[in-house]
Amino acid sequence: MASYSTAPTQEATNGGPSAAKSKGSEESMKLKKEISLLNGVCLIVGNMIGSGIFVSPKGVLIHSASYGLSLVVWTIGGIFSVFGALCYAELGTTITKSGASYAYILEAFGGFMAFIRLWTSLLIIEPTSQAIIAITFSNYMVQPVFPTCIAPYVANRLLAAACICLLTFVNCAYVKWGTRVQDFFTYAKVIALIAVIITGLVKIGQGHTQNFEGLFEGSSQDPGGIALALYSALFSYSGWDTLNFVTEEIKDPERNLPLAIAISMPIVTVIYILTNVAYYTILPINAILDSDAVAVTFADQVFGVMNWTIPLAVALSCFGGLNASILASSRLFFVGSREGHLPDYLCMIHVHRYTPVPALLFNGIMALIYLCVEDVFRLINYYSFSYWFFVGLSILGQLYLRWKQPERKRPLKLSLFYPIIFCFLTVFLVVVPLYSDTVNSLIGIGIALSGVPVYFLCIYTPAKKRPLWLRRAIAKSGLLIQKVCYSVLTEMDDKAE
């Protein structure tokens, strides 16, 4: 472990506390580079493969209306996702800041658009998705205890809250603890899916191919339906940007970031396609569309007394996905604070553990607050538009920086074909929610725009012009958080600037 030295004392840019100073020390505290190539692969795979492939991989099938066309759509979705991931590999090795699309939008388009990206993540995207993952984990954990009835609401939410608190503690303790948890649960979910795939392939080898007769029969001819099928597939592949949230903590990021993406994307694409082939081998279309948990229905038919393994696998998958989300989103808030878009104390790290404890606690508290919303699942509908808009904007920023800074060092430099194609794709991904779910998309836009007055009041306005009571409150609360969390301000590595 590196030797301890605190950040130099400085005026807080956002009215927060100044950091403690270590006499005779010139080196600032920084997040340690502890994420290896294997850790990076597990982060990406673990976040991309959530509960969806176990529970409801039917969004593509509903709109494609045939097994053949659905498999084509899954393949196209995987290829397009590889394009996006490769673009992020270039961005991540060119702009070596953590924070993913927030950092890239900040670099290309400035603070205002970056703050709106941060605001939507803080207000809706991250806490809502984490609350839903935790609730799904809880549902499958309590299912064996209440096999014939619905589990009590309070028990379900308390277990979900305990899951969030446990993983927040693990990530506060040491970065290595978080990555080890991620590695283990990624292995567990991949092994479970391999078991499903092998079972399906064995059945095909035994001649169970009746479901594949007339593979494209009844396929949707409606362009709108096919577009919605592709949208569902692309949404299932989301999560390939996970490692870009922790770029500053990757060992040798110029090598390991693109390599982790190059390894992860084919793995997830092949697993998704073969898992669906296995489902289609055993289950007819009606059974899949009527099932609330496709993998559980599959297990009931082929696993016999071992059918309990799939609900357990779903719970483990959610646990690993939640851990990856907590790790990534806490770094987003950490970087947002360091750039002056959130209170300064969120970019502090523990003086011995080198973890962003205040940012992790803030993230955990936000997720717990959203657990108190009874109909939290509805909130997830609000952010599809915003999510894809900002992903597309970051890749548009890649094109802009190619034009504006052609001589900039780029360890990985793609053909412009990839970002151009993906920019057109994100236009499609932004338009589809507006067409298929107009009201919720407009609410999502409204949530994003609610950050505009916040930006001009709290960020654009110079600190000395803000109300004195507000500056004092932030300073006092920041000092308290610094003492309670035993943390000091950190600075970004000079190489990442």
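Enquirer: Just to check I follow, could you spell out the packing of helix α17 (residues 417–436) against helix α18 (residues 438–449) for this structure?
Expert: When two helices pack together, their arrangement is given by the angle between their axes and by how far apart the axes lie. Following both chains from N to C, one finds α17 and α18 inclined at 120°, their axes separated by 5 Å at the closest point. What the angle tells us is that α17 and α18 run oblique. Contact with α17, carried on its side by Pro433, Leu434, Tyr435 and Ser436, involves Thr438, Ser441 and Ile445 of α18 and no other residues of that element. Class assignment for the residues of the contact of α17 with α18 results in 4 nonpolar, 3 polar and no charged.

Enquirer: What is the right way to read unusual backbone geometry from this model?
Expert: Generally, phi is negative for residues other than glycine and the peptide bonds are trans, each holding for most cases. Its identity as a non-glycine residue notwithstanding, Ala100 has a phi of 55°, on the positive side. Assignment of secondary structure puts Ala100 in the loop between α4 (67–94) and α5 (101–109).

Enquirer: Could you clarify how one ought to interpret helix α9 (residues 223–236) in this entry?
Expert: Three or four residues apart is the spacing at which side chains of an α-helix point the same way, because the helix has 3.6 residues per turn. With 14 residues, α9 should reach 20 Å at 1.5 Å per residue; the first-to-last C-alpha distance of 20 Å fits that figure. Residues of α9 that are buried in the fold lie against α3 (59–64), α4, α16 (384–404) and α17.

Enquirer: Is there a simple way to think about the confidence of the model for the chain in this case?
Expert: The predicted coordinates ought not to be read in detail in places where the model reports low pLDDT. Averaged over every residue, the pLDDT of the chain is 85; the share at 70 or more is 93%. By mean pLDDT, the top-scoring element of the chain is α5 (94), and the lowest-scoring one is helix α15 (residues 376–379) (74). Note on residues 1–27: pLDDT is under 50 here. Beyond four places in sequence and across chains, it has 72 contacts.

Enquirer: Help me understand the side chain of Ser64, please; the structure alone is not making it clear to me.
Expert: Secondary-structure assignment places Ser64 in helix α3. Looking at Ser64, the relative accessible area reads 1%, which means it is buried. In terms of polar contacts, Ser64 uses its side chain to reach the backbone carbonyl oxygen of Val60, at 2.8 Å. Excluding anything up to four places from it in sequence, Ser64 contacts Leu69, Ser70, Gly218, Ser219, Ser220 and Ala229.

Enquirer: Please explain the nonpolar core as it appears in this structure.
Expert: Side chains that are nonpolar tend, in soluble globular proteins, to be buried together. Counting 153 residues, the largest nonpolar core has Phe54 and Leu243 as the members making the most contacts within it. The element contributing the most residues to this core is helix α13 (residues 309–338), with 15 residues. Sequence-distant contacts of Phe54, that is, excluding residues within four places in its chain, are made with Lys189, Ala192, Leu193, Tyr279, Ala293, Val294, Ala295, Ala313, Val314 and Ser317.

Enquirer: Would you mind showing me how to read the packing of aromatic side chains here?
Expert: Each aromatic ring pair is specified by the distance between its two centres and by the angle formed by the two planes. By the definition in use, this model includes 31 aromatic pairs. Look at Trp74 and Tyr237: their rings are 5.9 Å apart centre to centre, the planes differ by 70°, and that puts the pair in the edge-to-face class. Placement of Trp74 in helix α4 and of Tyr237 in the loop between α9 and α10 (253–282) is noted, with a sequence separation of 163 residues between them. The same class applies to Trp74 and to Tyr237, which are both buried.

Reading guide: rules and limits
- Residues numbered from 1 in each chain as written.
- Predicted model: local features only at pLDDT ≥ 70, side-chain atom pairs only at ≥ 80, totals over all residues.
- Heavy atoms only, no water.
- Axes fitted to C-alpha atoms, helices over the stretch in contact; angles between N-to-C directions.
- Helix = DSSP H or I, 4+ residues; strand = E, 2+ residues; numbered from the N terminus.
- Parallel < 35°, antiparallel > 145°, perpendicular 65-115°, else oblique.
- Contact = heavy atoms within 4.5 Å.
- Nonpolar A, V, L, I, M, F, W, Y, C, P; charged D, E, K, R; others polar.
- Expected span 1.5 Å × (residues − 1).
- pLDDT = per-residue confidence, 0-100.
- Buried < 20%, exposed > 50% of the residue type's maximum accessible area, 1.4 Å probe, protein only.
- Polar contact = N/O pair within 3.5 Å; in protein donor to acceptor, adjacent residues only side chain to side chain.
- Core = buried A, V, L, I, M, F, W, Y, C linked by side-chain atoms within 4.5 Å.
- Phe/Tyr/Trp six-rings, centres within 6.5 Å; stacked < 30°, edge-to-face > 60°.

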